[in-house]
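Below, each chain spelled out in residue letters.
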Amino acid sequence: RIDHRLQLRSLFGGPASTMRFSIAEPSQLVCAALLTSSSLITAFPWSTDHHDSKHINSHHTIGGSQRSGGILPQLTWLHASIEAIFSPSKPEVKALCTKTSKSSTPAHFKTRYDKDIVLRFNLTNPSDAPALSEAASTLFLDVWASTPTWADIRLASSDLPSLLGLLPGSLQESYAPLMDSLGDAVYATYPKKDADGLKTKHTYTDLMTQAQDGNNMFFQDYQPLSVLVPWMKLMASMFTTHVTLVNIGKSSEGREIPALRIGVRPPPSSSLTDPPVGRKTIIINGGSHAREWIGTSSVTYVAWHLISEYGKNGQITKLLHEFDWVLIPTLNPDGYVYSWDSDRLWRKNRQETSLKYCKGIDLDRNFGYKFDGSPSASQSNPCSESYPGEEAFQATEAKALSDWAENEEANNNVTFIGFLDLHSYSQQVLYPWSYTCDVEPPTLENLEELGIGIAKAIRISSGEEYTVQSACEGNVEFSSRTSTESKRDTKFGTRDGGIGGGSALDWMYGTLH
């Protein structure tokens, strides 16, 4: 994962977007360039370019050749690629997390969200993290983010006495409010001209004007699904040479999961004896968690620059010749719509569960690799924000993505070499594994080198600092289990499987390749 800042800011921690990525050729991966437009990224190469690696596999190398050295000596090229994608016609986009006048916030926002508070707890003792984790799980609290020194938690103000009663003395006074009014913060994320309601209306003419406008009006606000899908169709119809609209599958409520495939495939080989070579493809996914709008916006932002700069910028043109890019703005369309129409802070999908009044499965904990449900009794409850489901691929959308990806490789001459998954909150670059810290991934050296290179590229281009670590150490949600895993004894685990497996990141890395 990498948490990086775009001009759009999210409700969760200012800048926000989480990305996870998997890569087969770090030296050519401009995915790092894409990181300047989303916040959190998880990265992993599926093959190594080190000549002395024991784990090299010719099936996973690009172009059948190997390169010595890593990506760090090539950061000049990487930085240039970042600027190539994000510098041209960069729009002046307003910050969405600016403080909103309380008098301008509609009453229904205040009524719905101002009963909740967001607190930052300072973790000063080794026992603080496990204690806070257990208390948060017991009360089904919404953990927004954490580090080894602090954790941000959303809860109803009426639950504060109960929470404090479960905490040791070191934590009972070691907290402070993170924002004055959650209602104001929620209100500030909606497009201002439509913020009095929860639905935005745009005409086809609006979309055409925005698509052709050098100022990229489309990116000045977050956009609902009713705008995103026509925009994607518009991109495919306007740029037929290198853009195709594809359908990943259906959601649990029957919505299509649209994606843009961007790339220019070479003509078929003239030699009948040449073996077919799979088209090298990188997936960029966003919106697995409905409320993380910055991830969705970041995917469309990257798509627009890849689309609009083709044929104008030599580096981007080369990228589209060498790779296909499949960009999925939201893998969770049902939850995304619900976050616009009903509850801005909704996170899971909208699938029915065993409890009638507790809908939703956490998509990023329901993939099949090392899925074992949740070891935490509270998180195995469908009311939990991190409910992983009762069995792997129970979530319709997770199953749709896995089926589509496997079919692409089996039947459509595709070789997936990279996976980037954008989320929000925390500035981190995370790589596999997510399910455990006890097993090292086979390409660990490349993963670490790639992550460091990405973090450096972001720092050079934006000044923002990103930490680089394995996803099992990621700071999103803390683990309440006590174990002998030293890396997690006093730290927070991850939403995406650090305490239960089933992450999309691990599935892409461990199963698809």
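Everything below is about the structure printed above this text.
All values reported here derive from a predicted model rather than from experimental measurement.

The buried count for helix α4 (residues 128-138) comes to 8 of 11 residues, which makes it a mostly enclosed element. For α4, every residue scored as buried is listed here: D128, A129, A131, L132, S133, A135, A136 and S137. Two residues or fewer past α4, F140 is found with a positive phi of approximately 55°.

Moving on to the packing of helix α13 (residues 396-411) against helix α15 (residues 504-512). Taken N-terminus to C-terminus, the directions of α13 and α15 make an angle of 30°; their axes are 12 Å apart at the nearest point. Classified by the angle between their axes, α13 and α15 sit roughly parallel to one another. The way α13 lies across α15 gives a crossing that is right-handed. Contacts from L401, S402, A405, E406 and E409 in α13 reach W507, M508 and L512 in α15. Broken down by class, the residue content of the contact of α13 with α15 amounts to 5 nonpolar, 1 polar and 2 charged.

To continue, consider the pattern of salt bridges. Evaluated as defined, the whole model comprises 15 salt bridges. Between D114 and K110 there is a salt bridge, with its nearest N and O atoms 2.9 Å apart. Classification of D114 by relative accessible area gives partly exposed; the value is 30%. Owing to a relative accessible area of 23%, K110 belongs among the partly exposed residues under this scheme. Linking R261 and D324 is a salt bridge whose minimum nitrogen-to-oxygen distance equals 3.7 Å. With R261 in strand β10 (residues 256-262) and D324 in strand β12 (residues 324-328), this residue pair connects regions lying 63 residues apart in the sequence. Both residues of the pair, R261 and D324, belong to the buried class. Sharing partners across several salt bridges, the network here consists of D116, D142, R154 and R291.

Our focus in this paragraph is the sheet that holds strand β5 (residues 116-122). The antiparallel open sheet is built from 4 strands, whose spatial order is β6-β7-β5-β8. At either end of the open sheet lies a strand with only one pairing partner, and these are β6 (142-146) and β8 (175-177). The mean inter-strand angle of the sheet, taken between neighbouring strand axes irrespective of direction, is 25°. As judged from the 3 bridges shared by β5 and β8, these two strands associate in the antiparallel manner. If you follow L119 over to β8, its bridge partner there is P177. Sheet strands touched by α4: β5, β6 and β7 (150-156). Its angle to β7, the strand with the most contacts, is close to 20°.

Moving on to the nonpolar core. Of all hydrophobic cores here, the largest spans 50 residues; its most connected members are M235, L260, I262, I284, W325 and L327. Top element by residues in this core is helix α10 (residues 293-309). It accounts for 9 residues. Residues within four places of L260 in sequence aside, it is in contact with W231, M232, M235, V243, T244, L245, A303, I307, W325, V326 and L327. Counting 32 residues, the second largest nonpolar core, distinct from the first, contains I361, F416, W433 and Y435.

Quick look at the side chain of D343 now. In this fold, D343 is placed in the loop between α12 (333-341) and α13. The buried category is assigned to D343, whose relative accessible area is 12%. Polar side-chain contacts of D343 include one of 3.1 Å to the side chain of Y113.

With that out of the way, let us pick up the packing of aromatic side chains. With the rule as written, the count across this model stands at 24 aromatic pairs. Between F121 and Y175 the ring centres are 5.3 Å apart and the planes differ by 40°, which places this aromatic pair in the tilted class. A residue pair is termed long-range when its members are at least 10 positions apart, and F121 in strand β5 and Y175 in strand β8 qualify at 54 residues. Each member of the aromatic cluster is reached from another via a ring pair, and the members are F109, Y187, Y190, Y222, W293, Y336 and W340. Here the guanidinium or amino end of R350 rests over the ring plane of Y338, the centre of that ring lying 3.6 Å away. A cation over an aromatic ring shows up here: K370 above the ring of Y369, its NZ or CZ 5.8 Å from the ring centre.

Counting through the fold element by element, S503 comes out in the loop between β17 (492-493) and α15. Taking the C-alpha atoms as reference points, S503 and A471, separated by 32 residues in sequence, lie 9.7 Å from one another. Among the polar contacts listed, one links the side chain of S503 to the backbone nitrogen of D506, at a separation of 3.0 Å.

A word on the pairing of strand β9 (residues 243-250). Sheet faces and side chains relate simply in a regular strand, where the side chains alternate between the two faces. With 6 bridges joining them, β9 and β10 adopt antiparallel strand pairing. In the sheet register, V243 faces β10, and the bridge partner there is I262. Counted between consecutive antiparallel strands, the loop separating β9 from β10 contains 5 residues, among which G254 sits at a positive phi close to 95°.

Attention now moves to unusual backbone geometry. In this model, P432 is joined to W433 through a cis peptide bond whose omega is 5°. The topology assignment puts W433 in the loop between β14 (428-431) and α14 (444-462). In the Ramachandran plot, K370 falls in the positive-phi region, its phi being about 60° despite a non-glycine side chain. Judged by its relative accessible area of 44%, K370 falls in the partly exposed class.

The rules behind these values
- Residues numbered from 1 in each chain as written.
- Predicted model: local features only at pLDDT ≥ 70, side-chain atom pairs only at ≥ 80, totals over all residues.
- Heavy atoms only, no water.
- Buried < 20%, exposed > 50% of the residue type's maximum accessible area, 1.4 Å probe, protein only.
- Helix = DSSP H or I, 4+ residues; strand = E, 2+ residues; numbered from the N terminus.
- Axes fitted to C-alpha atoms, helices over the stretch in contact; angles between N-to-C directions.
- Parallel < 35°, antiparallel > 145°, perpendicular 65-115°, else oblique.
- Left-handed = near helix turned anticlockwise from the far one by under 90°.
- Contact = heavy atoms within 4.5 Å.
- Nonpolar A, V, L, I, M, F, W, Y, C, P; charged D, E, K, R; others polar.
- Salt bridge = Lys/Arg side-chain N within 4 Å of Asp/Glu carboxyl O.
- Pairing = 2+ DSSP bridges.
- Core = buried A, V, L, I, M, F, W, Y, C linked by side-chain atoms within 4.5 Å.
- Polar contact = N/O pair within 3.5 Å; in protein donor to acceptor, adjacent residues only side chain to side chain.
- Phe/Tyr/Trp six-rings, centres within 6.5 Å; stacked < 30°, edge-to-face > 60°.
- Lys NZ or Arg CZ within 6 Å of the ring centre and 35° of its normal.

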